[in-house]
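Residues per chain, in single letters:
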Amino acid sequence: MSEQKRIFVTRSSMPSYEEYIEAIKPLWESRWLTNMGQYHQQLEKELSAYLDVPEISLMVNGHMALEMAIQSFGFPEGGEVITTPFTFISTTHAIVRNHLKPVFCDVRAEDGMIDISKIEDLITEKTVAILPVHVFGNLCDVDAIQHIADKYSLKVIYDAAHAFGVTYKGTGVGNFGDVSIFSFHATKVFNTIEGGAVVCKNHDLYEKLYNLKNFGIRGEELVVSVGANAKMNEFAAIMGLLNLKHVDAAIADRKRVYDKYKAELAGVKGISFFVEDPDVKRNYAYCPIIMGKDYSLGRDGLYDKLKENNIFSRKYFYPLTSDQACFKNKHKKEDLDVARKLAESVLVLPIYEGMEEEDQNRILQLIISDIRS
Ligand SMILES: *Cc1c(COP(=O)(O)O)cnc(C)c1O
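Bear in mind that the values here come from a model prediction, so they are computed numbers and not experimental data. (Residues numbered from 1 in each chain as written. Predicted model: local features only at pLDDT ≥ 70, side-chain atom pairs only at ≥ 80, totals over all residues. Heavy atoms only, no water.)

Draft legend 1. Quick look at the overall build of the protein. Secondary structure assignment for the protein yields 11 helices and 17 strands. In summary, the protein has a C-alpha radius of gyration of 21 Å against a globular reference of 21 Å for 373 residues, a match within 12%. Seen along its three principal axes, the alpha-carbon backbone of the protein occupies a region of about 75 × 55 × 40 Å. When each of the 373 residues of the protein is scored for burial, the buried share is 56%. Residue pairs at least 24 apart in sequence account for 71% of intrachain contacts in the protein once pairs closer than 6 positions are excluded. Put simply, the protein shows about 17100 Å² of open surface, and 51% of that area lies on carbon and sulfur atoms. (Helix = DSSP H or I, 4+ residues; strand = E, 2+ residues; numbered from the N terminus. Rg over C-alpha atoms; globule rule 2.2 N^0.38 Å. Buried < 20%, exposed > 50% of the residue type's maximum accessible area, 1.4 Å probe, protein only. Contact = heavy atoms within 4.5 Å. Areas by Shrake-Rupley, 256 points an atom, 1.4 Å probe, with all protein chains shown as cover.)

Quick look at the structure:
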């Protein structure tokens, strides 16, 4: 048997080689490679328009964007942040690295979002913020979360790493809460190779973030505050400017792949999809399927079978971040039954711009053949 093509869960979107080479040429003239150069500024401008947000600060990656977004509020050490464990480990690390305590809230079975009915029970006098995640580009219940936050004077920080370009009733996802972060990692819908951003409403916060990402430097001889280095460089910004031109086409092509998975799998016994809110314009970043007990191979069995055929799906998000080795027994674990069940039953299928039909058919056949045999 000939070696089967390897198919990964995602594949980075890129401009053509010629386009990128042409676009980076000016850097050999200017020799200005980072430090909020021309392309950094241009990308901030274009992204603030595309994402429909008033202020955006570009960062070296999504994780640092989240760390700095949290840090910008200056919460007291030991403050509690209500968050979910059904996410990438970055979310929880960012809280802990800010010397704050994650307090894990369970999620909803139908879409993996924070369960708003369980938030209030977790609020104590130490609670400083709610940090929900728009998992898989679905949308949290932003109105209800804001209502709770207002009632208890809490900040709302969204991890919108999955939600680039997502809108709710026509409003850009970055407009909810006090602040949101995006990731522009190579594996995300929109990438700058490595990169990320914090988006916010007020310019004071933008200025604070500027200091945090550039050592607090405000003049040749002036440092106004303590900061780190988390700036996006010019090569990354140029990658972003070019990818941004193509991102609508990339999302449309992901939709093609997603719709086909859904059409072929929605009726299969033991396989279901997350509920989709018709008010949300989606970005098709991921194709998660939920495996029930009627699917005889089970989630892990299907993962293994695909892997044996050189198809690399992912068990996102297993284990829950709260159950990871580094956090075992460190943080209070509330009732996380729904999240734990999801972690054991979700499989994310390969989806990316330009996925060949023949490859997708091979994946579908492997999933469906188990049912029919
Ligand atoms: C990717 C991701 C991050 C971190 O972004 P990086 O750009 O990889 O640092 C944070 N949260 C979630 C939910 C992510 O998927």
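Draft legend 2. Examining the packing of helix H4 (residues 62–71) against helix H5 (residues 89–97) more closely. One way to put it is that H4 packs onto H5 with a least axis distance of 9 Å and a crossing angle of 40°. Considering their axes alone, H4 and H5 lie oblique with respect to each other. Where H4 crosses over H5, the two elements pack in a sense that is right-handed. Contacts from His63, Leu66, Glu67 and Ile70 in H4 reach Ser90, Thr91, His93, Ala94, Ile95 and Arg97 in H5. The class makeup of the residues in the contact of H4 with H5 is 4 nonpolar, 4 polar and 2 charged. (Axes fitted to C-alpha atoms, helices over the stretch in contact; angles between N-to-C directions. Parallel < 35°, antiparallel > 145°, perpendicular 65-115°, else oblique. Left-handed = near helix turned anticlockwise from the far one by under 90°. Nonpolar A, V, L, I, M, F, W, Y, C, P; charged D, E, K, R; others polar.)

Draft legend 3. Representation of helix H8 (residues 234–265) within the structure. Along H8, the helix axis deviates most sharply at His246, where the bend reaches about 50°. The opening residue of H8, the one whose side-chain oxygen lies 2.8 Å from the backbone nitrogen of Phe235, is Asn233. (Bend = angle between axes of the 7 residues up to and from the residue. Polar contact = N/O pair within 3.5 Å; in protein donor to acceptor, adjacent residues only side chain to side chain.)

Draft legend 4. Examining the environment of Ile70 more closely. By the secondary structure assignment, Ile70 is in helix H4. The sequence separation of Ile70 and Leu100 amounts to 30 residues, and the corresponding C-alpha distance is 9.6 Å. Ignoring any residue separated from it by four or fewer positions in sequence, one finds Ile70 in contact with Phe75, Ala94, Ile95, Asn98, Leu100, Leu131 and Ile157.

Draft legend 5. Main features of the packing of aromatic side chains. The tally for this structure, following the rule as stated, stands at 18 aromatic pairs. An angle of 15° between the planes, with centres 5.1 Å apart, marks the rings of Phe8 and Phe312 as stacked. Taken together, the positions of Phe8 in strand E1 (residues 7–8) and Phe312 in strand E16 (residues 311–312) put the pair 304 residues apart, joining distant regions of the chain. In this structure, Lys188 is placed above the aromatic ring of Phe88, and the distance from its NZ or CZ to the ring centre is 6.0 Å. (Phe/Tyr/Trp six-rings, centres within 6.5 Å; stacked < 30°, edge-to-face > 60°. Lys NZ or Arg CZ within 6 Å of the ring centre and 35° of its normal.)

Functional significance is not addressed by these values, which are geometric in nature.
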